[in-house]
Amino acid sequence: MHQGRTTLSKFLIQQLKGSPEQNDLAALLVDIAAAVKAISAMTAKGELGGVLGSLDSTNVQGETQKKLDVMSNTAFINTFSMGGLVAGLASEENDDPVEIDPQDGTGRFLAIFDPLDGSSNIDVNVSVGSIFSVLRAPQGRSPTTEDFLRPGRQQLAAGYAIYGPSTMFVLTVGKGTHGFTLDREVGNFILTHPHMEVPAETSEFAINASNERFWEPPVQRYVTECKNGKTDVRGRDFNMRWIASMVADIHRILMRGGVFMYPRDTKDKSKPGRLRLMYEANPMSFVIEQAGGIGSTGRHRIMDLQPSEIHQRVPVIIGSRNEVERIERYHLEYDRGEDEQYKSPLFQERSLFAS
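Within any chain, residue numbers begin from 1 and follow the written order of that chain's sequence. It should be noted that, the model being predicted, local features are given only for residues of pLDDT at least 70 and side-chain atom pairs only at 80 or more, the latter also being counted only at that level, while totals for whole chains, interfaces and linings use all residues. Note that water and hydrogens are dropped before the side-chain values are worked out from all heavy atoms of the structure.

Draft legend 1. Representation of the packing of helix H5 (residues 217-228) against helix H8 (residues 321-335) in the model. Between H5 and H8, the shortest axis-to-axis distance is 8 Å and the interhelical angle comes to 135°. Between H5 and H8, the angle is such that the two are oblique. Viewed along their axes, H5 and H8 form a crossing whose handedness is right-handed. Contacts between H5 and H8 involve Pro-217, Pro-218, Val-219, Arg-221, Tyr-222 and Glu-225 from the first element and Glu-323, Arg-326, Ile-327, Tyr-330, His-331, Glu-333 and Tyr-334 from the second. Throughout, the ten residues Ala, Val, Leu, Ile, Met, Phe, Trp, Tyr, Cys and Pro are labelled nonpolar, Asp, Glu, Lys and Arg are labelled charged, and all others, Gly among them, are labelled polar. By residue class, the composition of the contact of H5 with H8 is seven nonpolar, one polar and five charged. Only the stretch in contact is used when fitting a helix axis, every axis being a line fitted to C-alpha atoms; angles between N-to-C directions are given from 0 to 180 degrees. Only DSSP runs of H or I covering at least 4 residues are called helices, and only runs of E covering at least 2 are called strands; the numbering of each starts at the N terminus. Small angles under 35 degrees read as roughly parallel and large ones over 145 as roughly antiparallel, with 65 to 115 read as roughly perpendicular and the rest as oblique. Crossing handedness is defined as follows: a turn of the near helix away from the far one that is anticlockwise and smaller than a right angle gives a left-handed crossing, while the clockwise case is right-handed. Whether two residues are in contact is decided by their heavy atoms: any pair within 4.5 Å suffices.

Here's what the structure looks like:
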């Protein structure tokens, strides 16, 4: 048992002391944790709960919806609707933002979320997760779509849950990044990973290597150097990891360092990136930056971007500070025309012997 350990509720009271939204924001994050517990129970049952498999429907992204996608989305919406703290919400599974009419009309927040990230892994029992972001709602009127479209630096809170061997709830309210583990016996989230930090140095990277032929030269340059290891300019060997679940990949990086890349590519020229700014890139960048890492597109800080639409996609390069800064430098050199020798990765090994 965890007698004397810090629960999520107790932690939030301490973290938010003196904040103008202290009580309401703490209550909202506890509500989000309640939705996470419900989703955790559903994922844990797997086939026994009848939650696996796909539906005959797609979301606004054109992606086939899994049963658990829709069930997780419903769990969040029901939680926010009943809590009276949220004036509006936006989800990966909904085409447009949804206005909520709290009973007392005083919803102070907007919630943006990906109810089940990595859902392609559900049926094969690989870790999946939920991602959330909280913004301040306009007061005295109903929220509009424009009220959601604010840079990530204006987030009040953000975080994710990961449904793995244990269920963890990781969050930030702008005072560091902290991890909680669900004690299933008592039903409480217990603070187990206070003040998480992403190591600045790493020898691990995560990327979908099957897209290599579509990457921009700066990313090809970086990955080629990592793969060449000791024989190239990096002077050490790297490991590559790829789970195809952003939550799982980012959680590993938060725990032990690394860099996660879903960069701009030419596979589908209509999409400037693959991941969604509002409910994937922004909240994960907030979490990682509060742990000492960086969230970048390769050319810009993610949380400084001005969103243009709820489901906007962006390139994402996020993780250990030194590696992200190196990748940003490679993008800058490429844009300035200063890395001609890296136009093709075929020339990478020869660069060691260039005069």
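Draft legend 2. Representation of the sheet that holds strand S15 (residues 294-296) within the structure. Here the rule is simple: two strands pair whenever DSSP picks up at least two bridges between them. With mixed pairing, the five strands of this open sheet are ordered in space as S12-S11-S13-S17-S15. Either end of the sheet is taken by a strand with one partner, and the two such strands are strand S12 (239-240) and S15. Of the pairings in the sheet, the one linking S15 to strand S17 (residues 316-319) comprises three bridges and is antiparallel in character. Within S17, the residue paired with Ser-296 across the bridge is Ile-317.

Draft legend 3. Highlighting the pattern of salt bridges. In the sections that follow, a salt bridge refers to a side-chain nitrogen of Lys or Arg positioned within 4 Å of a carboxyl oxygen of Asp or Glu. Scanning the entire structure with this criterion turns up 24 salt bridges. For Arg-276, the salt bridge goes to Glu-92, with nearest N and O atoms at 2.8 Å. Here Arg-276 is found in strand S14 (residues 275-276), whereas its partner Glu-92 is found in the loop between strand S3 (86-91) and strand S4 (98-99), with 184 residues between them in sequence. In terms of burial, Arg-276 and Glu-92 fall into one category: buried. The shortest N-O distance in the salt bridge between Arg-274 and Asp-265 comes to 3.0 Å. When accessible area is computed with a 1.4 Å probe and restricted to protein chains, residues below 20% of their type maximum are described as buried, those above 50% as exposed, and intermediate ones as partly exposed. Look at Asp-265 and you get buried, because its relative accessible area is 8%.

Draft legend 4. The arrangement of the sheet that holds strand S10 (residues 188-193) in detail. Ordered by their spatial adjacency, eight strands build an open sheet running S4-S3-S5-S6-S7-S8-S9-S10, and the pairing between neighbours is mixed. Of all strands in the sheet, those with a lone pairing partner are S4 and S10, marking the two edges. Taken together, the six bridges between strand S7 (residues 157-163) and strand S8 (residues 167-172) define a ladder with antiparallel strand orientation. Looking across to S8, one finds that Ala-161 is bridged to Phe-169. Strands S3, strand S5 (109-117) and strand S6 (128-136) of the sheet are contacted by helix H3 (residues 67-83), whose axis makes an angle of about 160° with S5. Sheet contacts for helix H6 (residues 246-256): S5, S6, S7, S8, strand S9 (177-183) and S10; angle to S7, the most-contacted strand, approximately 105°.

Draft legend 5. Quick peek at the side chain of Asp-114. Note that Asp-114 resides in strand S5. Here Asp-114 sits buried without a salt bridge, and the closest side chain of opposite charge, Arg-276, lies 5.3 Å off (N-O distance). Other than its neighbours up to four places away in sequence, Asp-114 contacts Glu-92, Gly-129, Ser-130, Ile-131, Tyr-279 and Glu-280. Counting rule for charge: Lys and Arg are taken as positive, Asp and Glu as negative, and neither His nor the chain ends is counted.

Draft legend 6. Looking closely at the pairing of S3. Within S3, six of the six residues are buried, which leaves the element mostly enclosed by the surrounding structure. Here S3 runs beside S5; their pairing, made up of five bridges, is parallel. Paired with Gly-88 across the bridge in S5 is Leu-110. By the bridge criterion, two bridges tie S3 to S4 in an arrangement that is antiparallel.

Draft legend 7. Looking closely at the packing of aromatic side chains. Aromatic contacts are taken between Phe, Tyr and Trp rings whose centres are within 6.5 Å, Trp giving its six-membered ring; a plane angle under 30 degrees counts as stacked, one over 60 as edge-to-face, and the others as tilted. Throughout the structure, instances matching the rule amount to eight aromatic pairs. Between Trp-242 and Tyr-262, the ring centres sit 5.7 Å apart and the planes meet at 70°, which makes this aromatic pair edge-to-face. Separated by 20 residues along the polypeptide, Trp-242 in the loop between S12 and H6 and Tyr-262 in strand S13 (residues 259-262) bring together distant segments of the chain. Residue Trp-242 is classed as partly exposed on the basis of its relative accessible area of 28%. Three or more aromatic residues joined by ring pairs form one cluster here, namely Phe-76, Phe-80 and Phe-113. Over the ring of Tyr-330 we find Arg-221, and its NZ or CZ is 3.6 Å from the ring centre. We call a charge positioned over a ring when the NZ of a Lys or the CZ of an Arg lies within 6 Å of the ring centre and within 35 degrees of the ring normal.

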